[in-house]
Amino acid sequence: MQDTRGRLMKKARSLWVYPLSCILFAGVLFIAVSLGSVRVSLSDTWNILLRYLFGIGDLEGIQSGTETIIAMVRLPRVLLAAMTGGALSLAGAVMQSLLKNPLADGSTLGVSSGGALGAVLSIVLGLRLSFFPGLGLALSSIAASFLSLIFILTLTYRIDRSLSTNTIILTGVIFSMLAGSITSLLVVLSGESLKQVVFWSMGSFSGKGWEHVMLMAPVFFLGSLAMIAFSKELNAFSLGEEQARYIGVDTRTVKLVLLVLTACLIGVSVSVSGTIGFVGLVVPHITRMITGPDHRRLLPASLIFGGIFMVLTDLLSRTLLSPEEFPVGVVTSFAGAVIFIVIFYRYNNRPGRKAWHG
(Lines give C-alpha, C1' and ligand atoms only; values in the text may rest on other atoms or scores of the structure.)
Protein backbone atom coordinates (compact mmCIF):
# COMPACT_ATOMS: atom_id res chain seq x y z
CA MET A 1 0.00 0.00 0.00
CA GLN A 2 2.80 2.38 0.93
CA ASP A 3 4.73 1.49 -2.25
CA THR A 4 1.68 2.23 -4.39
CA ARG A 5 1.10 5.51 -2.59
CA GLY A 6 4.77 6.43 -3.00
CA ARG A 7 4.66 5.74 -6.73
CA LEU A 8 1.51 7.83 -7.14
CA MET A 9 3.04 10.74 -5.22
CA LYS A 10 6.23 10.53 -7.28
CA LYS A 11 4.22 10.50 -10.50
CA ALA A 12 2.15 13.48 -9.34
CA ARG A 13 5.31 15.43 -8.54
CA SER A 14 6.78 14.63 -11.95
CA LEU A 15 3.65 15.95 -13.66
CA TRP A 16 4.26 19.34 -12.06
CA VAL A 17 7.63 19.45 -13.76
CA TYR A 18 6.09 20.41 -17.11
CA PRO A 19 4.10 23.55 -16.19
CA LEU A 20 6.83 24.77 -13.84
CA SER A 21 9.61 24.12 -16.34
CA CYS A 22 7.66 25.85 -19.12
CA ILE A 23 7.13 28.92 -16.92
CA LEU A 24 10.82 28.91 -16.00
CA PHE A 25 11.76 28.49 -19.66
CA ALA A 26 9.65 31.48 -20.73
CA GLY A 27 11.04 33.60 -17.90
CA VAL A 28 14.65 32.73 -18.73
CA LEU A 29 14.09 33.56 -22.41
CA PHE A 30 12.55 36.93 -21.57
CA ILE A 31 15.33 37.90 -19.13
CA ALA A 32 18.02 36.77 -21.58
CA VAL A 33 16.53 38.97 -24.30
CA SER A 34 16.49 41.95 -21.90
CA LEU A 35 20.07 41.68 -20.65
CA GLY A 36 23.26 42.46 -22.55
CA SER A 37 25.95 45.07 -23.08
CA VAL A 38 23.12 47.56 -23.76
CA ARG A 39 20.67 47.46 -20.88
CA VAL A 40 17.00 47.49 -21.82
CA SER A 41 14.26 47.64 -19.20
CA LEU A 42 11.86 44.72 -18.88
CA SER A 43 8.90 46.92 -19.80
CA ASP A 44 10.60 48.19 -22.95
CA THR A 45 11.58 44.63 -23.88
CA TRP A 46 7.99 43.49 -23.37
CA ASN A 47 6.57 46.26 -25.59
CA ILE A 48 9.15 45.63 -28.33
CA LEU A 49 8.40 41.91 -28.38
CA LEU A 50 4.67 42.57 -28.53
CA ARG A 51 5.15 44.95 -31.45
CA TYR A 52 7.56 42.70 -33.32
CA LEU A 53 5.72 39.40 -32.80
CA PHE A 54 2.06 40.47 -32.69
CA GLY A 55 1.96 44.00 -34.08
CA ILE A 56 0.81 45.55 -30.81
CA GLY A 57 2.62 47.42 -28.05
CA ASP A 58 3.58 51.03 -27.37
CA LEU A 59 7.11 51.99 -28.48
CA GLU A 60 6.82 55.63 -27.43
CA GLY A 61 9.78 56.76 -25.37
CA ILE A 62 11.99 53.85 -26.41
CA GLN A 63 15.40 54.94 -27.69
CA SER A 64 16.17 54.65 -31.38
CA GLY A 65 17.94 51.40 -32.21
CA THR A 66 16.70 49.53 -29.14
CA GLU A 67 14.04 47.71 -31.17
CA THR A 68 16.70 46.48 -33.59
CA ILE A 69 18.88 45.23 -30.74
CA ILE A 70 16.03 43.27 -29.18
CA ALA A 71 14.24 41.98 -32.27
CA MET A 72 17.10 41.43 -34.71
CA VAL A 73 20.08 40.62 -32.47
CA ARG A 74 19.12 39.19 -29.10
CA LEU A 75 15.82 37.43 -29.84
CA PRO A 76 17.16 35.19 -32.64
CA ARG A 77 20.33 34.47 -30.64
CA VAL A 78 18.35 33.43 -27.56
CA LEU A 79 15.97 31.25 -29.60
CA LEU A 80 18.91 29.62 -31.36
CA ALA A 81 20.62 28.92 -28.03
CA ALA A 82 17.41 27.37 -26.67
CA MET A 83 17.00 25.08 -29.68
CA THR A 84 20.66 24.07 -29.64
CA GLY A 85 20.60 23.25 -25.94
CA GLY A 86 17.37 21.31 -26.29
CA ALA A 87 18.67 19.35 -29.29
CA LEU A 88 21.97 18.40 -27.62
CA SER A 89 20.26 17.45 -24.36
CA LEU A 90 17.61 15.34 -26.09
CA ALA A 91 20.25 13.59 -28.19
CA GLY A 92 22.27 12.88 -25.05
CA ALA A 93 19.26 11.45 -23.19
CA VAL A 94 18.46 9.15 -26.11
CA MET A 95 22.05 7.97 -26.48
CA GLN A 96 22.47 7.27 -22.76
CA SER A 97 19.36 5.10 -22.83
CA LEU A 98 19.93 3.50 -26.21
CA LEU A 99 23.56 2.57 -25.51
CA LYS A 100 22.96 2.00 -21.76
CA ASN A 101 26.03 4.03 -20.96
CA PRO A 102 25.82 6.87 -18.39
CA LEU A 103 28.78 8.66 -20.03
CA ALA A 104 27.26 8.63 -23.49
CA ASP A 105 25.88 11.56 -25.38
CA GLY A 106 25.43 12.30 -29.05
CA SER A 107 29.13 12.98 -29.51
CA THR A 108 29.89 9.40 -28.44
CA LEU A 109 29.00 8.32 -31.95
CA GLY A 110 31.58 10.64 -33.44
CA VAL A 111 28.85 12.68 -35.13
CA SER A 112 29.88 15.92 -33.39
CA SER A 113 33.49 15.43 -34.43
CA GLY A 114 32.41 14.72 -38.00
CA GLY A 115 30.18 17.78 -38.10
CA ALA A 116 32.95 19.95 -36.69
CA LEU A 117 35.35 18.62 -39.32
CA GLY A 118 32.92 19.51 -42.10
CA ALA A 119 32.34 23.01 -40.71
CA VAL A 120 36.05 23.74 -40.24
CA LEU A 121 36.71 22.49 -43.76
CA SER A 122 34.04 24.89 -45.04
CA ILE A 123 35.64 27.81 -43.17
CA VAL A 124 39.15 27.03 -44.36
CA LEU A 125 38.07 26.57 -48.00
CA GLY A 126 35.77 29.60 -47.88
CA LEU A 127 32.65 27.74 -49.00
CA ARG A 128 29.81 30.29 -48.97
CA LEU A 129 26.43 30.79 -50.60
CA SER A 130 25.70 34.45 -51.30
CA PHE A 131 21.91 34.10 -51.19
CA PHE A 132 21.89 32.54 -47.69
CA PRO A 133 24.82 33.51 -45.40
CA GLY A 134 25.99 30.61 -43.28
CA LEU A 135 24.16 28.00 -45.34
CA GLY A 136 27.36 26.68 -46.90
CA LEU A 137 28.87 25.99 -43.49
CA ALA A 138 25.63 24.45 -42.23
CA LEU A 139 25.30 22.14 -45.21
CA SER A 140 28.94 21.10 -44.87
CA SER A 141 28.44 20.28 -41.19
CA ILE A 142 25.20 18.36 -41.70
CA ALA A 143 26.60 16.46 -44.68
CA ALA A 144 29.75 15.59 -42.72
CA SER A 145 27.61 14.40 -39.80
CA PHE A 146 25.63 12.08 -42.06
CA LEU A 147 28.76 10.78 -43.77
CA SER A 148 30.32 10.19 -40.36
CA LEU A 149 27.27 8.23 -39.25
CA ILE A 150 27.28 6.14 -42.43
CA PHE A 151 30.98 5.42 -42.04
CA ILE A 152 30.62 4.48 -38.36
CA LEU A 153 27.60 2.24 -38.93
CA THR A 154 29.19 0.60 -41.97
CA LEU A 155 32.40 -0.12 -40.10
CA THR A 156 30.44 -1.35 -37.08
CA TYR A 157 28.35 -3.64 -39.29
CA ARG A 158 31.51 -5.08 -40.85
CA ILE A 159 32.85 -5.84 -37.38
CA ASP A 160 29.61 -6.86 -35.68
CA ARG A 161 26.52 -7.54 -37.76
CA SER A 162 24.29 -7.26 -34.69
CA LEU A 163 25.31 -3.60 -34.26
CA SER A 164 25.92 -4.08 -30.53
CA THR A 165 26.16 -0.94 -28.43
CA ASN A 166 29.72 -1.66 -27.26
CA THR A 167 30.95 -1.92 -30.84
CA ILE A 168 29.15 1.31 -31.82
CA ILE A 169 30.72 3.19 -28.88
CA LEU A 170 34.21 1.86 -29.61
CA THR A 171 33.92 2.74 -33.30
CA GLY A 172 32.59 6.19 -32.45
CA VAL A 173 35.48 6.90 -30.08
CA ILE A 174 38.04 5.83 -32.70
CA PHE A 175 36.39 7.97 -35.36
CA SER A 176 36.24 10.97 -32.99
CA MET A 177 40.00 10.72 -32.48
CA LEU A 178 40.57 10.53 -36.24
CA ALA A 179 38.24 13.45 -37.04
CA GLY A 180 39.73 15.51 -34.21
CA SER A 181 43.26 15.04 -35.51
CA ILE A 182 42.23 16.10 -39.02
CA THR A 183 40.41 19.14 -37.61
CA SER A 184 43.51 20.13 -35.65
CA LEU A 185 45.59 19.87 -38.82
CA LEU A 186 43.14 22.13 -40.66
CA VAL A 187 43.29 24.66 -37.81
CA VAL A 188 47.08 24.79 -38.10
CA LEU A 189 46.85 25.28 -41.86
CA SER A 190 43.95 27.76 -41.72
CA GLY A 191 46.15 30.87 -41.89
CA GLU A 192 44.07 34.07 -41.87
CA SER A 193 40.91 32.28 -40.75
CA LEU A 194 42.66 30.81 -37.67
CA LYS A 195 40.90 33.11 -35.18
CA GLN A 196 37.48 32.37 -36.67
CA VAL A 197 38.11 28.62 -36.66
CA VAL A 198 39.42 28.56 -33.08
CA PHE A 199 36.53 30.71 -31.76
CA TRP A 200 33.97 28.62 -33.62
CA SER A 201 35.50 25.33 -32.44
CA MET A 202 34.85 26.40 -28.83
CA GLY A 203 31.18 27.16 -29.53
CA SER A 204 29.54 30.55 -29.94
CA PHE A 205 26.24 32.19 -30.86
CA SER A 206 27.88 35.51 -31.63
CA GLY A 207 26.65 37.10 -34.85
CA LYS A 208 23.84 34.59 -35.35
CA GLY A 209 20.56 35.90 -36.76
CA TRP A 210 17.16 34.88 -38.03
CA GLU A 211 18.63 33.03 -41.02
CA HIS A 212 20.28 30.59 -38.60
CA VAL A 213 17.02 30.20 -36.66
CA MET A 214 15.17 29.41 -39.91
CA LEU A 215 17.88 26.93 -40.81
CA MET A 216 17.71 25.03 -37.54
CA ALA A 217 14.01 25.26 -36.66
CA PRO A 218 12.62 22.65 -39.13
CA VAL A 219 15.27 20.04 -38.25
CA PHE A 220 14.91 20.76 -34.53
CA PHE A 221 11.12 20.47 -34.34
CA LEU A 222 10.75 17.48 -36.66
CA GLY A 223 13.72 15.63 -35.16
CA SER A 224 12.62 16.27 -31.57
CA LEU A 225 9.04 15.15 -32.18
CA ALA A 226 10.27 12.00 -33.94
CA MET A 227 12.61 11.15 -31.06
CA ILE A 228 9.94 11.67 -28.41
CA ALA A 229 7.64 9.40 -30.43
CA PHE A 230 10.03 6.52 -29.64
CA SER A 231 9.63 6.90 -25.87
CA LYS A 232 7.91 3.54 -25.40
CA GLU A 233 10.57 1.74 -27.43
CA LEU A 234 13.31 3.35 -25.32
CA ASN A 235 11.52 2.19 -22.18
CA ALA A 236 11.69 -1.33 -23.62
CA PHE A 237 15.40 -0.88 -24.39
CA SER A 238 16.02 -0.14 -20.71
CA LEU A 239 15.11 -3.76 -20.00
CA GLY A 240 17.76 -4.97 -22.42
CA GLU A 241 17.74 -5.55 -26.17
CA GLU A 242 16.76 -9.21 -25.83
CA GLN A 243 13.77 -8.35 -23.64
CA ALA A 244 12.81 -5.56 -26.04
CA ARG A 245 12.85 -7.96 -28.98
CA TYR A 246 10.82 -10.44 -26.94
CA ILE A 247 8.00 -7.92 -26.45
CA GLY A 248 7.94 -7.08 -30.16
CA VAL A 249 10.32 -4.14 -30.60
CA ASP A 250 12.32 -4.13 -33.83
CA THR A 251 15.50 -3.17 -31.98
CA ARG A 252 17.69 -2.91 -35.05
CA THR A 253 15.36 -0.57 -36.94
CA VAL A 254 14.65 1.55 -33.86
CA LYS A 255 18.36 1.88 -33.15
CA LEU A 256 19.16 2.91 -36.71
CA VAL A 257 16.34 5.48 -36.84
CA LEU A 258 17.37 7.02 -33.52
CA LEU A 259 21.00 7.17 -34.63
CA VAL A 260 19.99 9.01 -37.80
CA LEU A 261 17.82 11.44 -35.83
CA THR A 262 20.74 12.04 -33.48
CA ALA A 263 22.95 12.82 -36.47
CA CYS A 264 20.39 15.34 -37.73
CA LEU A 265 20.04 17.18 -34.40
CA ILE A 266 23.76 17.21 -33.62
CA GLY A 267 24.76 18.09 -37.17
CA VAL A 268 22.50 21.14 -37.39
CA SER A 269 23.50 22.21 -33.85
CA VAL A 270 27.20 22.05 -34.68
CA SER A 271 26.59 23.95 -37.91
CA VAL A 272 25.04 26.98 -36.15
CA SER A 273 26.93 27.05 -32.85
CA GLY A 274 30.18 25.16 -33.19
CA THR A 275 31.32 22.45 -30.81
CA ILE A 276 29.64 22.69 -27.39
CA GLY A 277 30.35 20.02 -24.81
CA PHE A 278 28.78 18.61 -21.66
CA VAL A 279 25.19 19.68 -22.42
CA GLY A 280 24.14 16.25 -23.67
CA LEU A 281 25.96 14.58 -20.79
CA VAL A 282 24.96 16.60 -17.72
CA VAL A 283 21.43 17.86 -18.43
CA PRO A 284 19.87 14.38 -18.98
CA HIS A 285 21.41 13.23 -15.67
CA ILE A 286 19.82 16.11 -13.77
CA THR A 287 16.52 15.63 -15.57
CA ARG A 288 16.47 11.91 -14.80
CA MET A 289 16.79 12.70 -11.08
CA ILE A 290 13.66 14.87 -11.33
CA THR A 291 11.40 12.90 -13.66
CA GLY A 292 12.64 9.34 -13.21
CA PRO A 293 13.66 6.95 -16.00
CA ASP A 294 10.33 6.88 -17.89
CA HIS A 295 11.20 8.33 -21.31
CA ARG A 296 7.68 9.64 -21.82
CA ARG A 297 8.54 12.23 -19.15
CA LEU A 298 12.33 12.24 -19.43
CA LEU A 299 12.66 13.24 -23.10
CA PRO A 300 10.34 16.28 -23.14
CA ALA A 301 11.82 17.50 -19.85
CA SER A 302 15.39 17.06 -21.16
CA LEU A 303 14.42 19.17 -24.15
CA ILE A 304 13.18 22.02 -21.95
CA PHE A 305 15.98 21.88 -19.37
CA GLY A 306 18.61 21.71 -22.11
CA GLY A 307 17.22 24.91 -23.61
CA ILE A 308 17.21 26.64 -20.22
CA PHE A 309 20.79 25.56 -19.50
CA MET A 310 22.09 26.77 -22.84
CA VAL A 311 20.32 30.13 -22.70
CA LEU A 312 21.71 30.80 -19.23
CA THR A 313 25.27 29.82 -20.17
CA ASP A 314 25.10 31.96 -23.32
CA LEU A 315 23.80 34.87 -21.26
CA LEU A 316 26.74 34.45 -18.89
CA SER A 317 29.23 34.26 -21.76
CA ARG A 318 28.12 37.63 -23.19
CA THR A 319 27.53 39.57 -19.96
CA LEU A 320 30.26 38.42 -17.55
CA LEU A 321 32.96 40.51 -19.28
CA SER A 322 30.61 42.87 -21.14
CA PRO A 323 31.06 44.33 -23.72
CA GLU A 324 33.52 41.53 -24.50
CA GLU A 325 32.29 37.96 -24.72
CA PHE A 326 33.92 34.57 -24.72
CA PRO A 327 32.87 31.26 -26.33
CA VAL A 328 29.84 29.65 -24.74
CA GLY A 329 31.56 26.26 -24.98
CA VAL A 330 33.99 27.43 -22.30
CA VAL A 331 31.08 28.14 -19.92
CA THR A 332 29.24 24.88 -20.63
CA SER A 333 32.40 22.83 -20.19
CA PHE A 334 33.27 24.50 -16.87
CA ALA A 335 29.73 24.41 -15.49
CA GLY A 336 29.10 20.91 -16.84
CA ALA A 337 32.30 19.51 -15.35
CA VAL A 338 31.56 20.96 -11.90
CA ILE A 339 27.95 19.76 -11.94
CA PHE A 340 28.91 16.30 -13.13
CA ILE A 341 31.57 15.92 -10.42
CA VAL A 342 29.00 16.87 -7.76
CA ILE A 343 26.43 14.42 -9.17
CA PHE A 344 29.00 11.64 -9.44
CA TYR A 345 30.28 12.25 -5.89
CA ARG A 346 26.81 12.33 -4.32
CA TYR A 347 25.73 9.24 -6.25
CA ASN A 348 28.73 7.15 -5.22
CA ASN A 349 28.55 8.20 -1.57
CA ARG A 350 24.89 7.62 -0.92
CA PRO A 351 23.93 4.45 1.02
CA GLY A 352 22.41 1.56 -0.89
CA ARG A 353 23.03 3.09 -4.30
CA LYS A 354 21.78 1.15 -7.32
CA ALA A 355 23.35 0.73 -10.72
CA TRP A 356 22.62 3.42 -13.26
CA HIS A 357 19.70 2.62 -15.48
CA GLY A 358 18.38 4.35 -18.57
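Residues numbered from 1 in each chain as written. Predicted model: local features only at pLDDT ≥ 70, side-chain atom pairs only at ≥ 80, totals over all residues. Heavy atoms only, no water.

A. Region of interest: helix α3 (residues 42-54). Between its terminal C-alpha atoms α3 stretches 17 Å, which fits the 18 Å expected from 13 residues at 1.5 Å a residue. Of all the positions in α3, only Thr45, Ile48, Leu49 and Leu50 are classed as buried. At the C-terminal side of α3, Gly55 shows a positive phi close to 75°. (Helix = DSSP H or I, 4+ residues; strand = E, 2+ residues; numbered from the N terminus. Expected span 1.5 Å × (residues − 1). Buried < 20%, exposed > 50% of the residue type's maximum accessible area, 1.4 Å probe, protein only.)

B. Local environment of the environment of Gly36. By the element assignment, Gly36 lies in the loop between α2 (17-34) and α3. Sequence separation between Gly36 and Ile69 is 33 residues; the distance between their C-alpha atoms is 9.7 Å. Each residue touching Gly36, except ones within four places of it in the same chain, is listed here: Arg74, Arg318 and Thr319. (Contact = heavy atoms within 4.5 Å.)

C. Unusual backbone geometry, seen in detail. With phi around 75°, Phe278 is a residue other than glycine that occupies positive phi space. The topology assignment puts Phe278 in the loop between α12 (251-273) and α13 (279-291). The class for Phe278 is partly exposed, based on a relative accessible area of 27%.

D. Region of the structure containing a nonpolar patch on the surface. Taken together, Tyr52, Leu53, Phe54, Ile56, Met72 and Val73 make up a surface patch of nonpolar side chains, about 600 Å² in accessible area. Ranked by the residues each element gives to the nonpolar patch, the list is headed by α3, at three residues. For Met72, the position within the fold is in helix α4 (residues 66-98). (Patch = residues over 30% accessible without salt bridge, like charges linked within 9 Å, V, L, I, M, F, W, Y side chains within 5 Å. Areas by Shrake-Rupley, 256 points an atom, 1.4 Å probe, with all protein chains shown as cover. Salt bridge = Lys/Arg side-chain N within 4 Å of Asp/Glu carboxyl O.)

E. Seen up close, the environment of Val331. Within the secondary structure, Val331 is located in helix α15 (residues 328-348). Placed 129 residues apart in sequence, Val331 and Met202 show a C-alpha to C-alpha distance of 9.8 Å. Apart from residues lying up to four places away in sequence, Val331 is in contact with Thr313, Leu316, Ser317, Phe326 and Gly336.

F. Local environment of the nonpolar core. Counting residues in each nonpolar core, the largest one holds 72 residues, and the members touching the most others are Met216, Leu258, Leu259, Met310 and Val311. Looking at this core, the element that brings in the most residues is α4, giving 15 residues. Among all residues touching Met310, those that are not within four sequence positions of it are Ala81, Thr84, Gly85, Leu88, Phe205, Ile276, Val279, Val328 and Thr332. By size, the runner-up hydrophobic cluster in this structure holds 11 residues, among which are Val120, Ile152, Leu186 and Val197. (Core = buried A, V, L, I, M, F, W, Y, C linked by side-chain atoms within 4.5 Å.)

G. Representation of the side chain of Thr84 within the structure. On the secondary structure map, Thr84 appears in helix α4. Accessibility expressed as a relative area gives 0% for Thr84, which makes it buried. Once you skip the residues sitting within four places of it in the chain, Thr84 turns out to touch Phe205, Met216, Ser269, Val272, Ser273 and Met310.

H. Region of the structure containing the packing of aromatic side chains. One pass over the full model with this rule turns up four aromatic pairs. An angle of 25° between the planes, with centres 6.1 Å apart, marks the rings of Tyr52 and Trp210 as stacked. Highlighted residues: Tyr52 in helix α3 and Trp210 in helix α9 (residues 210-228), separated in sequence by 158 residues. Consider the rings of Phe151 and Phe175, whose centres lie 5.6 Å apart with planes at 45°: the pair is tilted. Taken together, the residues Phe151 in helix α6 (residues 135-159) and Phe175 in helix α7 (residues 165-188) connect sequence positions 24 residues apart. Judged by its relative accessible area of 11%, Phe175 is buried. (Phe/Tyr/Trp six-rings, centres within 6.5 Å; stacked < 30°, edge-to-face > 60°.)

I. Fine view of the pattern of salt bridges. Summed over all chains, the structure comprises five salt bridges. Arg296 serves as the salt-bridge partner of Asp294, at 2.8 Å between the closest nitrogen and oxygen. Here Arg318 and Asp314 are joined by a salt bridge, their closest N and O atoms 3.7 Å apart. Here Asp314 and Arg318 lie together in helix α14 (residues 295-319), a separation of four residues that amounts to about one turn. Taking relative accessible area as the criterion, Arg318 reaches 8% and is therefore assigned buried. Exposure remark for Asp314: the relative accessible area of 2% places this residue in the buried category. One network of salt bridges, with partners in common, ties together Arg77, Asp314, Arg318 and Glu325.

J. Representation of α4 within the structure. With 33 residues, α4 should cover 48 Å at 1.5 Å per step; its first-to-last C-alpha distance of 46 Å lies within 8% of that length. Arg74 marks where α4 bends most, by close to 35°; the proline Pro76 follows one to four residues later. α4 sits mainly inside the fold: 27 of its 33 residues count as buried. One or two residues past the end of α4 sits Lys100, with phi positive at roughly 50°. (Bend = angle between axes of the 7 residues up to and from the residue.)

K. The packing of α4 against α13, seen in detail. Relative to each other, α4 and α13 sit at 75°, their axes nearing to 7 Å. Classed by the angle they form, the pair α4 and α13 counts as roughly perpendicular. When α4 is examined against α13, the residues Gly85, Leu88, Ser89, Gly92, Ala93, Gln96 and Ser97 are found in contact with a partner set consisting of Val279, Gly280, Leu281, Val283, Pro284, His285 and Arg288. Taken together, the residues that form the contact of α4 with α13 break down as six nonpolar, seven polar and one charged. (Axes fitted to C-alpha atoms, helices over the stretch in contact; angles between N-to-C directions. Parallel < 35°, antiparallel > 145°, perpendicular 65-115°, else oblique. Nonpolar A, V, L, I, M, F, W, Y, C, P; charged D, E, K, R; others polar.)

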